[in-house]
Amino acid sequence: ERCVTWTPTLPITLRPKEQVAVDLRFSPSFHIAAFKLPLYADTGFGQETHLLNVSGECHTAEVKLSEHSVLFGDVVFQSTGVRRIKLHNFGDLGVKYRFEVPPRAAQLFSVEPSEGYAAAHDDVELLVKFHPVRSGAAGDQVGREAELGKPKRIRCFVEPSYQQEPVE
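The structure displayed is predicted, hence computed values, not measured ones.

### Remarks on the packing of aromatic side chains
- The final tally for this structure, using the stated rule, is five aromatic pairs.
- Ring geometry for phenylalanine 72 against phenylalanine 109: centres 6.2 Å apart, planes inclined by 45 degrees, an arrangement best described as tilted. Note that phenylalanine 72 is positioned in the loop between strand E5 (63-65) and strand E6 (81-89) and phenylalanine 109 in strand E8 (residues 109-112), a separation of 37 residues in sequence.
- Measuring from ring centre to ring centre gives 5.1 Å for phenylalanine 109 and phenylalanine 130, while their planes differ by 25 degrees; the resulting arrangement is stacked. Placement of the pair is phenylalanine 109 in strand E8 and phenylalanine 130 in strand E10 (residues 122-130), with a sequence separation of 21 residues.
- Every member of this aromatic cluster is reached through a ring pair, and the members are Phe72, Phe109 and Phe130.

### Structural notes on the pairing of E10
- The sheet contact formed by E6 and E10 spans nine bridges and is antiparallel. Looking across to E10, one finds that arginine 83 is bridged to valine 128.
- Sheet topology places E8 next to E10; four bridges connect them, and they run antiparallel. Residue glutamate 112 lies in a different strand from E10, and its bridge partner there is leucine 127.

### Side note on the pattern of salt bridges
- The full count for this structure, using the stated rule, is five salt bridges.
- Among the ionic pairs, glutamate 125 bridges to arginine 84, the shortest N-O distance being 2.6 Å. Remark: arginine 84 occurs in strand E6 and glutamate 125 occurs in strand E10; sequence separation between them is 41 residues.
- Accessibility expressed as a relative area gives 41% for glutamate 125, which makes it partly exposed.
- Put simply, arginine 98 and glutamate 100 hold a salt bridge, and the shortest N to O gap is 2.2 Å.

### Here we look at unusual backbone geometry
- Here threonine 7 and proline 8 are connected by a cis peptide whose omega angle stands at 0 degrees.
- Mapped onto the elements, proline 8 comes out in the loop between strand E1 (4-7) and strand E2 (23-26).
- Cis geometry marks the peptide bond from glutamate 112 to proline 113, where omega comes out at -10 degrees.
- Structurally, proline 113 can be placed in the loop between E8 and strand E9 (115-118).
- For lysine 17, which is not a glycine, the phi torsion comes out positive at approximately 65 degrees.

### Description of a nonpolar patch on the surface
- A cluster of nonpolar side chains, namely Trp6, Ile12, Leu14, Val20, Val22, Leu24, Leu51 and Leu52, defines an oily patch on the protein surface of about 710 Å² accessible area.
- Locating leucine 51 in the fold gives a position in strand E4 (residues 48-58).
- Owing to a relative accessible area of 52%, leucine 51 belongs among the exposed residues under this scheme.

### A closer look at the nonpolar core
- Of all hydrophobic cores here, the largest spans 16 residues; its most connected members are Leu87, Val95, Tyr97, Phe99, Ala118, Val124 and Leu126.
- When residues of this core are traced back to their parent elements, those giving at least two are E6, strand E7 (95-100) and E10.
- The element best represented in this core is E10, accounting for four residues.

### Examining the layout of surface pockets
- Size it by volume and the largest pocket reaches roughly 720 Å³.
- Residue lining of the largest pocket: 19 residues in total, with Ile12, Tyr40, Ala41, Asp42 and Leu51 positioned closest to the centre.
- It is strand E3 (residues 32-42) that contributes the most residues to the lining of the largest pocket, four residues altogether.
- Residue classes in the lining of the largest pocket are distributed as 14 nonpolar, four polar and one charged.

Rules behind the numbers
Every chain is numbered independently, its residues counted from 1 as its sequence is written. Selection of residues for local features in this predicted model requires a pLDDT of at least 70, selection of side-chain atom pairs for listing and counting requires 80 or more, and totals for whole chains, interfaces and linings are taken over all residues. Only hydrogens and water are set aside; all other atoms, that is, all heavy atoms of the structure, feed into the side-chain values. Here is the rule: rings of Phe, Tyr and Trp (six-membered ring for Trp) pair when centre to centre is within 6.5 Å. Planes less than 30 degrees apart are stacked, more than 60 are edge-to-face, and the remainder are tilted. Secondary structure elements are taken from DSSP: a helix is a run of H or I of four residues or more, a strand is a run of E of two residues or more, and numbering for both begins at the N terminus. Two strands pair if DSSP finds at least two bridges between them. Salt bridges are defined as contacts in which a side-chain nitrogen from Lys or Arg sits within 4 Å of a carboxyl oxygen from Asp or Glu. Only protein chains enter the calculation, and the probe is 1.4 Å; a residue is then buried if its accessible area is under 20% of its type maximum, exposed if over 50%, and partly exposed in between. Two distance rules govern patches: like charges are joined within 9 Å, and nonpolar side chains (Val, Leu, Ile, Met, Phe, Trp, Tyr) within 5 Å, applied only to residues with over 30% relative accessible area and no salt bridge. Here the accessible surface of atoms and residues is derived via Shrake-Rupley with a 1.4 Å probe, and residues count as covered only by protein chains that are part of the display. For this analysis, a nonpolar core means a set of buried residues of the types Ala, Val, Leu, Ile, Met, Phe, Trp, Tyr and Cys, connected via side-chain atoms within 4.5 Å. Method remark: on a 1 Å grid restricted to protein atoms, a set of points is classed as a cavity if a 1.4 Å probe fits but cannot get out and as a pocket if it is open with protein on both sides within 12 Å along at least five of seven lines; lining residues have an atom within 4 Å of a point. Grid points are joined across faces, edges and corners, and a volume is the space filled by probe spheres set on the points. Three residue categories are used. Nonpolar comprises Ala, Val, Leu, Ile, Met, Phe, Trp, Tyr, Cys and Pro, charged comprises Asp, Glu, Lys and Arg, and polar comprises the others, including Gly.

Shown next, in the form of structure tokens:
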């Protein structure tokens, strides 16, 4: 539950003056609030002996967008449709972010600010803009690719590199 493992995992019996090495590992893959838990040994006679306290905490950056999809509805060509979304950092660490729009889609979509910093426990307001171009230009190609099941994604990369996957 707290991402703490130990070896040996099976019960062991110690004779007087005998020792055994115990390896404790704290390997979290997500945010864990500070904790402190006692570690006891069962003596086999119904008594527990306090050995030590195990404590830990894991700081992370947890970045999510407020929307899974951004819908613009009808937008007249050579005008701009704008939607506000938020980049939430639920984590304890601040992160730098950068949006990369595929070149073909960049003629149609943009994100402002395209890069910046999201402080810990803070939100960044983003503007996603759709600015359609005249028929027969890049918009038709992006539209055809989306119809064929090849949707273009705008990717968001965060630093430091401990973030495993880009937010799409």
